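# Commentary on secondary and tertiary structure
Spelled out, the chains give:
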Amino acid sequence: MTGKKKSAQASVEAMYRVFTVPEAPESTLSRIDQNISRNLAGFLQEHIVAVERDLSDVEKDFSDYSIPEKPVFVSEQAQFLLDKLVANSVHTASPAFIGHMTSALPYFMLPLSKIMIALNQNLVKTETSKAFTPMERQVLGMIHRLVYQEDGAFYRKWMHDPRYALGAMCSGGTVANLTALWVARNRAFPAEGSFRGLHQEGLFRALKYYGYEGAAIVVSRRGHYSLRKAADVLGLGRESLIPVDTDDENRINTDALRDKCLELQRQKIKVMAICGVAGTTETGNIDPLDAMADIAREFGAHFHVDAAWGGPTLFSRSYKHLLRGIEKADSVTFDAHKQLYVPMGVGLVVFRDPSLASAVEHHAQYIIRKGSRDLGSTTLEGSRPGMSMLIHSGLKILAREGYEILIDQGIDKAKTFAEMIEAEPDFELVTRPELNILTYRYCPENVQEALAIADPLQAEKLNTCLNRITKFIQKTQRERGKAFVSRTRLEPARYFNFPCIVFRVVLANPLTTKEILADILAEQRELSREEGIEDEISILHQMADAVLKQATPNARQA
């Protein structure tokens, strides 16, 4: 026995083996599959958010830039992935991971995903998808009905009609928003007379023919950055995404929206689309969709609602009224990998009118031929996996009642956490939850009292100091790995619109408990007492005391 390690060899026989389904349950691949399943189950049961290991250290495991000449065994690669990838991944399913819109998944999604991967269907055309095509159309129909509530006759007529599409499946909300605005752009400059349409002749000729100086997409300042990407990709330019001020509740100011549309009209700029937001990324607020729909109709603009986050609120009988007016939208974006609890990455856009998608229809002789049932004719992406199977499974296994429970729990939990924050003298609730997102920060009681009476300069100094403290606490808590909240920057009106860094919390994980939330606050309070921030804390208290002391004589004189 030499003890020499056996090495993998590349050969015709070896290539045949790796493409063959293992026959015996005790085969090497079957054992590897079982080992991976056990390892992942253990990982998912852990409540730690992330192992405390610097990313630059992790990069060393992935520093080789040469493709290997010789193969390795599957078992060797599997062990590498478990040791170096899984062990250093973020535990987004942890109930203490409450900082982003990524949450735990229903466990049934893991075994069902194997069906999708094993079948490897390509939804661009029926020749590579067969039954997946009508399933995807059914999923689009189900979500369409959730939004628009048409009767059965409508869906019997349109859902499987190959000449129309109720929506488009996408890899996520970004592509869904882009698809909706792509439709809006092409519809804004249709074929007429000698002009063959923007989709044929381009934006420059379209503007010239219709007598416009430009085209614009109008959205609140809280609109998602994907809309800016869309303006760029569609040839309008990022400056053509026109932001409108919001009110104190982070919702678009409809008077300002109408004024902005009138201003653009005077400048001979076509208001191509108005975008409402149902669940802003930073604060979870919902625009007044009903009023926005009326304004869009007034200016002949496509009305799109980005409901990537808040769309599933429609499952809740208690809270769906918050989205009143969404049924008037020409198009609506959903992100299935958010509150439909489906793996990354799948989103979709639904169209109120089944004919809208024809504005971006395209064909080729070797694929997606005119008149075929191929879904690729109205999607931006070509080859796509059958992710609709997982949405379909969620809608069937969880059903409306299950999703209602998840939505209601998340919103109620956010309200509970807001009450917990307000009960703590050293924390300040910055934005109250409308859905299941809220923001807050560590802010000692005497500092809150000082901010309440501070002039703009005093408030700026106090908030600048608080920004450094908030950033320190958030980064340190993330690095310790027991819990995670994200941070963002808001401009609260009560602080003269000065940019304030705040903690941002997303409560979508049904496994997050009140006790876990209390522990997160306790850890943040402890972090505020650490040596690395004590000088900043001392300065903060000194400034607050000075503001309060200055106000006391004034109060006596009054």
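Higher on the page you've got the structure.
Residues numbered from 1 in each chain as written. Predicted model: local features only at pLDDT ≥ 70, side-chain atom pairs only at ≥ 80, totals over all residues. Heavy atoms only, no water.

### Examining the overall build of the protein chain
A count of helices and strands for the protein chain gives 19 helices and 11 strands. The C-alpha radius of gyration of the protein chain comes to 27 Å, within 12% of the 24 Å expected for a compact globule of 558 residues. Judged by the C-alpha coordinates and their principal axes, the protein chain covers about 90 × 85 × 45 Å. In the protein chain, which comprises 558 residues, the proportion classed as buried is 49%. Long-range contacts, defined here as pairs at least 24 residues apart, represent 70% of the contacts in the protein chain between residues at least 6 apart. Summing over all exposed atoms, the protein chain offers an accessible surface of approximately 28,100 Å²; the carbon and sulfur share of this is 52%. Charge centroids of the protein chain, computed over 67 positive and 70 negative side chains, lie 6 Å from each other. (Helix = DSSP H or I, 4+ residues; strand = E, 2+ residues; numbered from the N terminus. Rg over C-alpha atoms; globule rule 2.2 N^0.38 Å. Buried < 20%, exposed > 50% of the residue type's maximum accessible area, 1.4 Å probe, protein only. Contact = heavy atoms within 4.5 Å. Areas by Shrake-Rupley, 256 points an atom, 1.4 Å probe, with all protein chains shown as cover. Lys, Arg positive; Asp, Glu negative; His and termini not counted. Charge placed at Lys NZ, Arg CZ, Asp CG, Glu CD.)

### Overview of the packing of aromatic side chains
Counting across every chain of the model gives 15 aromatic pairs. With a centroid separation of 6.4 Å and an interplanar angle of 55 degrees, the aromatic rings of F154 and W158 are classed as tilted. Of this pair, F154 and W158 both sit in helix 7 (residues 152-158), 4 residues apart, roughly one helical turn. Residues F154 and W158 agree in their burial class; the two are buried. For the pair F189 and Y212, a centre-to-centre distance of 6.2 Å together with 85 degrees between the ring planes defines the contact as edge-to-face. Placement of the pair is F189 in the loop between helix 8 (173-188) and helix 9 (198-201) and Y212 in the loop between helix 10 (203-210) and strand 2 (214-220), with a sequence separation of 23 residues. Its relative accessible area of 30% is what places Y212 among the partly exposed residues. By way of ring pairs, the aromatic residues F189, F195, Y209, Y210 and Y212 are connected into one cluster. (Phe/Tyr/Trp six-rings, centres within 6.5 Å; stacked < 30°, edge-to-face > 60°.)

### Observations regarding the environment of N186
Here N186 lies in helix 8. Under the relative-accessibility criterion, N186 is labelled buried at 6%. Taking C-alpha positions, N186 is 38 Å from L398, a pair spaced 212 residues apart along the chain. Only 2.9 Å separates the side chain of N186 from the backbone oxygen of A359, close enough to count as a polar contact. (Polar contact = N/O pair within 3.5 Å; in protein donor to acceptor, adjacent residues only side chain to side chain.)

### Remarks on the sheet that holds strand 6 (residues 331-335)
Pairing is mixed in the open sheet, where 7 strands are placed in the order 1-7-6-5-4-2-3. Only two strands of the sheet have a single partner each, and these edge strands are strand 1 (167-170) and strand 3 (241-244). Neighbouring strand axes in the sheet, compared pairwise and without regard to direction, differ in orientation by 20 degrees on average. Looking at chain direction, strand 2 and strand 4 (residues 269-277) are connected through 6 bridges and run parallel. Bridge pairing in strand 4 links A215 to K270. Against the sheet, helix 11 (residues 225-233) touches strand 2, strand 3 and strand 4, its axis set at about 150 degrees to strand 3. (Pairing = 2+ DSSP bridges. Axes fitted to C-alpha atoms, helices over the stretch in contact; angles between N-to-C directions.)

### Comments concerning the sheet that holds strand 10 (residues 486-490)
Strand pairing in a sheet is mediated by backbone hydrogen bonds. Such pairs are either parallel or antiparallel. The strand order 8-9-11-10 describes an open sheet built from 4 strands, whose pairing is antiparallel. Where the open sheet ends on each side, the last strands, each with one partner, are strand 8 (427-431) and strand 10. Shown here is a sheet whose adjacent strand axes are inclined to one another by a mean of 45 degrees, direction ignored. Pairing geometry for strand 9 (residues 437-442) and strand 11 (residues 500-506), over 4 bridges, is antiparallel. Residue pairing across strands places T439 opposite R504, the latter belonging to strand 11.

### Remarks on the nonpolar core
The tendency in soluble globular proteins is for nonpolar side chains to be buried side by side. Ranked by internal contacts, the top residues of the largest apolar core, which has 68 residues, are I274, V332 and I391. For this core, the element with the most residues is helix 6 (residues 132-148), which contributes 7 residues. Setting aside anything within four residues of it in sequence, one finds I274 in contact with V218, L257, C261, M292, I295, A296, A301, H302, F303 and H304. Ranked by size, the runner-up nonpolar core spans 41 residues in total, among them M420, V447, I469 and F498. (Core = buried A, V, L, I, M, F, W, Y, C linked by side-chain atoms within 4.5 Å.)

### Quick word on the packing of helix 15 (residues 399-423) against helix 18 (residues 514-527)
One can describe the packing of helix 15 onto helix 18 by two numbers: an axis separation of 11 Å at closest approach and a directional angle of 40 degrees. The handedness of the crossing between helix 15 and helix 18 comes out as right-handed. Across the interface between the two elements, K413, T416, F417, M420 and I421 of helix 15 pack against K514, L517, A518 and L521 of helix 18. When its residues are assigned to classes, the contact of helix 15 with helix 18 shows 6 nonpolar, 1 polar and 2 charged. (Left-handed = near helix turned anticlockwise from the far one by under 90°. Nonpolar A, V, L, I, M, F, W, Y, C, P; charged D, E, K, R; others polar.)

### Let's talk about helix 16 (residues 445-453)
For helix 16, the full list of buried residues reads N446, V447, A450 and L451. End-on, the buried residues of helix 16 take up no more than an arc of 140 degrees, which puts them together on one face. (Arc of directions from axis to C-beta.)

### Thoughts on the pattern of salt bridges
All chains considered together, the criterion is met by 26 salt bridges. Among the salt bridges present, the one from R205 reaches E201, with a minimum N-O distance of 3.9 Å. Across the pair E263 and K260 runs a salt bridge, and its minimum N-O distance is 3.6 Å. With E263 and K260 both in helix 12 (residues 254-266) and 3 residues apart, this pair spans about one turn of that helix. Among the residues examined, E263 registers a relative accessible area of 32% and is labelled partly exposed. Overall, K260 belongs to the partly exposed group, its relative accessible area being 24%. (Salt bridge = Lys/Arg side-chain N within 4 Å of Asp/Glu carboxyl O.)

### Observations concerning a positive patch on the surface
There is a patch of like positive charges on the surface, built from K471, K475, R478 and R487. With 3 residues, the top contributor of residues to the positive patch is helix 17 (residues 456-480). With respect to the helices, strands and loops of the structure, K471 is situated in helix 17. By relative accessible area, K471 is classed as partly exposed at 37%. (Patch = residues over 30% accessible without salt bridge, like charges linked within 9 Å, V, L, I, M, F, W, Y side chains within 5 Å.)

### Examining the pairing of strand 6
Two faces belong to every sheet, and in a regular strand the side chains alternate between them. With 5 of its 5 residues buried, strand 6 lies for the most part within the structure. Burial along strand 6 is two-sided: S331, T333 and D335 and V332 and F334, pointing in opposite directions, are all buried. Two elements, strand 5 (residues 302-306) and strand 6, share 3 bridges in a ladder whose sense is parallel. Note that in strand 6 the partner of H304 across the bridge is S331. Judged from the 5 bridges that link them, strand 6 and strand 7 (residues 347-351) form a sheet pairing that is antiparallel. The residue bridging T333 from the neighbouring strand is V349, located in strand 7.

As far as function goes, none of this settles anything; it's purely spatial.
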